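Each chain is listed here by its residues.
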Amino acid sequence: MVAAETSWVVVVPIKELRVAKSRLAGVTDSERGDLAMAMAMDVVSAAITAQAVAAVVVVTNDLRAAAELGELGARVVADVTDSGLNDALAGAARAAGVLWPRSGVCALSSDLPCVDAATLDVALGRAAAHQRGVVPDRRGDGTTMLTARAGTDLAPRYGVASRSEHMKAGAEQLDTTGLDRLRLDVDTRDDLVAALALGVGSHTAQCAAPAPIGGAIMLPTRARGRESGR
């Protein structure tokens, strides 16, 4: 990682893998956990290699996630509050402000398997022009990235309609041109199909395609049809 003129500390929150991706139908808890882990590894890998990123901090109480993401080069911290995503991010952002006082803080979702370093650099470059910035998910109501420049409170407001809540709290929506890879978060099977079509990172690709989780469950419908002879 090479610190750019405006550098950032990327904070990636990860829930315990045994309860991750609960909306992904048709697969076991173990398979959901494997997919969540693979997507998180792609997100962290992209952040670590982005030119604008000075450090990556993973917030998790999951032992497997802590071990594997730590091996990639992320600094892993426990969610000592254990009181929800917003408190976890706020605490990590405050700690990042102490350790890297000249860097901004970027909260990045862990379920963005299509994101790459180049897209992240573009988004962070745009974020540098705002005290606080937000990137909406592809549906337009959620948040995949929230930023705060150095010395500015991150003020996370994740939950229902988080994009609007972040903007009410003072964040400005960034120009989303060319940021499709940063906006596609995976919660459902349809999301995963869309992500595979757009192109995912190596860890997610190995986990979900072409050798799918749980047989053919995770393959796009047309691919499943070819395999079954329909």
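Above this text you will find the structure in question.
Let me sum up the structure you'll find in this document. (Residues numbered from 1 in each chain as written. Predicted model: local features only at pLDDT ≥ 70, side-chain atom pairs only at ≥ 80, totals over all residues. Heavy atoms only, no water.)

1. Topic: the overall build of the protein
The secondary structure content of the protein amounts to 9 helices and 7 strands. In the protein, which comprises 230 residues, the proportion classed as buried is 50%. The contacts of the protein with a sequence gap of at least 6 include a subset with a gap of at least 24, amounting to 68%. Accessible surface computed for the protein: about 10400 Å², of which carbon and sulfur atoms make up 51%. (Helix = DSSP H or I, 4+ residues; strand = E, 2+ residues; numbered from the N terminus. Buried < 20%, exposed > 50% of the residue type's maximum accessible area, 1.4 Å probe, protein only. Contact = heavy atoms within 4.5 Å. Areas by Shrake-Rupley, 256 points an atom, 1.4 Å probe, with all protein chains shown as cover.)

2. Digging into the environment of aspartate 29
The residue aspartate 29 is located in helix H1 (residues 29-49) in this model. In this structure the C-alpha to C-alpha distance between aspartate 29 and valine 19, which are 10 residues apart in sequence, comes to 7.2 Å. One polar contact links aspartate 29 to arginine 32, side chain to side chain, over a distance of 2.8 Å. (Polar contact = N/O pair within 3.5 Å; in protein donor to acceptor, adjacent residues only side chain to side chain.)

3. A word on the side chain of arginine 183
Among the secondary structure elements, arginine 183 is positioned in helix H6 (residues 180-183). The side chain of arginine 183 is buried and forms no salt bridge, while aspartate 180, the nearest opposite charge, is found at 5.0 Å. Residues contacting arginine 183, with those up to four places away along its chain left out, are Val135, Pro136, Asp137, Arg138, Thr144 and Thr176. (Lys, Arg positive; Asp, Glu negative; His and termini not counted. Salt bridge = Lys/Arg side-chain N within 4 Å of Asp/Glu carboxyl O.)

4. Focus: the environment of glycine 159
Secondary-structure assignment places glycine 159 in the loop between strand E6 (143-148) and helix H5 (162-168). Along the chain, glycine 159 and asparagine 86 lie 73 residues apart, while their C-alpha atoms are 8.7 Å from each other.

5. Concerning the sheet that holds strand E2 (residues 53-60)
Pairing is mixed across the open sheet formed by 7 strands, whose spatial order is E3-E2-E1-E4-E6-E5-E7. Only two strands of the sheet have a single neighbouring strand rather than two, namely strand E3 (75-77) and strand E7 (172-173). Here strand E1 (residues 8-14) runs beside strand E4 (residues 104-108); their pairing, made up of 4 bridges, is parallel. If you follow tryptophan 8 over to E4, its bridge partner there is glycine 104. Along the sheet, H1 makes contact with E1, E2 and E4, crossing E2 at roughly 155°. (Pairing = 2+ DSSP bridges. Axes fitted to C-alpha atoms, helices over the stretch in contact; angles between N-to-C directions.)

6. Observations concerning the nonpolar core
In this structure, Val12, Val56, Leu69, Leu108, Met145 and Leu182 are the most contacted members of the largest nonpolar core, which totals 37 residues. Elements with a contribution of two residues or more to this core: E1, H1, E2, helix H2 (63-72), E4 and helix H4 (117-127). Ranked by the residues each element gives to this core, the list is headed by H1, at 9 residues. Those residues in contact with valine 12 that sit more than four places away from it in its chain are Val43, Val44, Val56, Val57, Val58, Val59, Leu108 and Ser110. Ala55, Ala92, Val134 and Ala148 belong to the second-largest nonpolar core, a separate cluster that totals 19 residues. (Core = buried A, V, L, I, M, F, W, Y, C linked by side-chain atoms within 4.5 Å.)

7. What to know about H4
Turning to H4, its buried residues are Ala117, Thr119, Leu120, Ala123, Leu124 and Ala127. The buried side chains of H4 occupy one side of the element, clustering within an arc of 160° when seen end-on. Among the structural elements, E1, H1, E2, E4, E6 and H6 are those in contact with the buried residues of H4. (Arc of directions from axis to C-beta.)

8. What about the pairing of E6?
The element E6 is largely enclosed, with a buried count of 6 among its 6 residues. Relative to E6, E4 runs antiparallel, the two sharing 4 bridges. By the bridge assignment, cysteine 106 is partnered in E6 with threonine 147. Sheet topology places strand E5 (residues 132-136) next to E6; 5 bridges connect them, and they run antiparallel.

9. With respect to the pattern of salt bridges
Under the criterion given, the structure shown has 12 salt bridges. Here arginine 32 ties to aspartate 29 by a salt bridge, and the two come within 2.8 Å at their closest N and O atoms. Here aspartate 29 and arginine 32 lie together in helix H1, a separation of 3 residues that amounts to about one turn. On the basis of relative accessible area, arginine 32 is assigned to the buried category, the value being 12%.

10. A word on the packing of H1 against H2
Running from N to C, H1 and H2 cross one another at 30°; their axes reach a closest spacing of 10 Å. Between H1 and H2, the crossing angle belongs to the class labelled roughly parallel. Between H1 and H2 lies a crossing of right-handed hand. Residues Gly33, Asp34, Met37, Ala40, Met41, Val44, Ser45 and Ile48 of H1 pack against Arg64, Ala65, Glu68, Leu69 and Leu72 of H2. In terms of residue class, the contact of H1 with H2 is built from 8 nonpolar, 2 polar and 3 charged. (Parallel < 35°, antiparallel > 145°, perpendicular 65-115°, else oblique. Left-handed = near helix turned anticlockwise from the far one by under 90°. Nonpolar A, V, L, I, M, F, W, Y, C, P; charged D, E, K, R; others polar.)

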